[in-house]
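Close look at the chain arrangement
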Amino acid sequence: MRYFWLLSSFYVFLLIISSCTSDVLPEPVILPCDGETPTYEADVRDIIERSCAYSGCHLGGAPGIYDSYLGLISDLESGLFRQRVIDVRDDATIGMPPNYAPQDRPEDLTEEELIIITCWLDAGFPEQ
């Protein structure tokens, strides 16, 4: 009987130890915008100049002149910029930048650029 209790106690001890060592906490989910507020001048302007504001597009040709923050403001306030750059970005024709962009211009924004633009829009598109 003594061996039974000793063996049972040992089994319970092993069960407790093994269950505690296999506990794994999930990785915390970090939202891309946590603690950071991109601004037009510091973060977004280069993306716009490289992807949107060039001859034949939003520097003459397409509606909107994106050579400055003021040139973007009406499309930002109306939601058109978010719609075209974020919401329908995968549409080859109306998603921005479009798939027919010149070879020296990107047809898509990188994941990092999309995060910057999204955080900027969510923060109310601050200029500085």
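Here is a short report on the structure shown in this document. It should be emphasised that the depicted structure is a prediction, and the values quoted were computed from it without experimental measurement. (Residues numbered from 1 in each chain as written. Predicted model: local features only at pLDDT ≥ 70, side-chain atom pairs only at ≥ 80, totals over all residues. Heavy atoms only, no water.)

1. Topic: the state of the cysteines
This model, assessed by the stated rule, comprises 1 disulfide. Note that Cys33 is cross-linked by a disulfide to Cys119, the S-S spacing being 1.9 Å. Residues Cys33 and Cys119 are joined through a disulfide that is left-handed, its torsion about the S-S bond being -95°. Of this pair, Cys33 sits in the loop between helix H1 (2–21) and helix H2 (40–51) while Cys119 sits in helix H5 (residues 111–122), placing them 86 residues apart in sequence. Look at Cys119 and you get buried, because its relative accessible area is 6%. The structure places no disulfide on Cys52, whose sulfur is separated from the nearest cysteine sulfur, that of Cys57, by 6.7 Å. A relative accessible area of 9% places Cys52 in the buried class. (Disulfide = S-S within 2.5 Å. Helix = DSSP H or I, 4+ residues; strand = E, 2+ residues; numbered from the N terminus. Buried < 20%, exposed > 50% of the residue type's maximum accessible area, 1.4 Å probe, protein only.)

2. With respect to the packing of H2 against H5
It is the contact of H2 with H5, at a shortest axis distance of 10 Å, that shows an interaxial angle of 125°. As summarised for this structure, H2 and H5 are arranged oblique, according to the angle between their axes. Of the two elements, H2 crosses H5, and the hand of that crossing is left-handed. Contacts between H2 and H5 involve Tyr40, Asp43, Val44, Ile47 and Arg50 on the former and, on the latter, Glu113, Ile116, Ile117 and Trp120. In terms of residue class, the contact of H2 with H5 is built from 6 nonpolar, no polar and 3 charged. (Axes fitted to C-alpha atoms, helices over the stretch in contact; angles between N-to-C directions. Parallel < 35°, antiparallel > 145°, perpendicular 65-115°, else oblique. Left-handed = near helix turned anticlockwise from the far one by under 90°. Contact = heavy atoms within 4.5 Å. Nonpolar A, V, L, I, M, F, W, Y, C, P; charged D, E, K, R; others polar.)

3. Brief notes about the nonpolar core
The biggest cluster of nonpolar side chains holds 21 residues, and the ones touching the most others in it are Ile48, Leu72, Leu76, Phe81, Ile117, Trp120 and Leu121. For this core, the secondary structure elements donating two or more residues are H2, helix H3 (69–78), helix H4 (80–87) and H5. Ranked by residue count, the leading element in this core is H5, at 5 residues. Filtering out sequence-adjacent residues up to four positions away, Ile48 remains in contact with Tyr40, Ala53, Tyr66, Leu72 and Phe81. (Core = buried A, V, L, I, M, F, W, Y, C linked by side-chain atoms within 4.5 Å.)

4. So, the packing of aromatic side chains
In total, this model carries 5 aromatic pairs according to the counting rule given. An angle of 65° between the planes, with centres 6.2 Å apart, marks the rings of Trp120 and Phe125 as edge-to-face. Judged by relative accessible area, Trp120 falls into the buried class, the value being 0%. Here the aromatic residues Tyr40, Tyr66, Tyr69, Phe81, Trp120 and Phe125 are joined through ring pairs into a cluster of three or more. (Phe/Tyr/Trp six-rings, centres within 6.5 Å; stacked < 30°, edge-to-face > 60°.)

5. As for the pattern of salt bridges
The full count for this structure, using the stated rule, is 4 salt bridges. When salt bridges that share partners are traced, they join Glu41, Arg45 and Glu49 into one network. (Salt bridge = Lys/Arg side-chain N within 4 Å of Asp/Glu carboxyl O.)

6. Some remarks on H2
Given 3.6 residues to a turn, an α-helix orients residues that are three or four positions apart in the same direction. An ideal rise of 1.5 Å per residue puts 16 Å on 12 residues; H2 reaches only 14 Å between its terminal C-alpha atoms. Those residues of H2 lying buried are Tyr40, Val44, Ile47, Ile48 and Ser51. Angularly, the buried residues of H2 cover 110° about the axis, an arc narrow enough to put them on a single face. Summarising the contacts, the buried residues of H2 are in contact with H3, H4 and H5. (Expected span 1.5 Å × (residues − 1). Arc of directions from axis to C-beta.)

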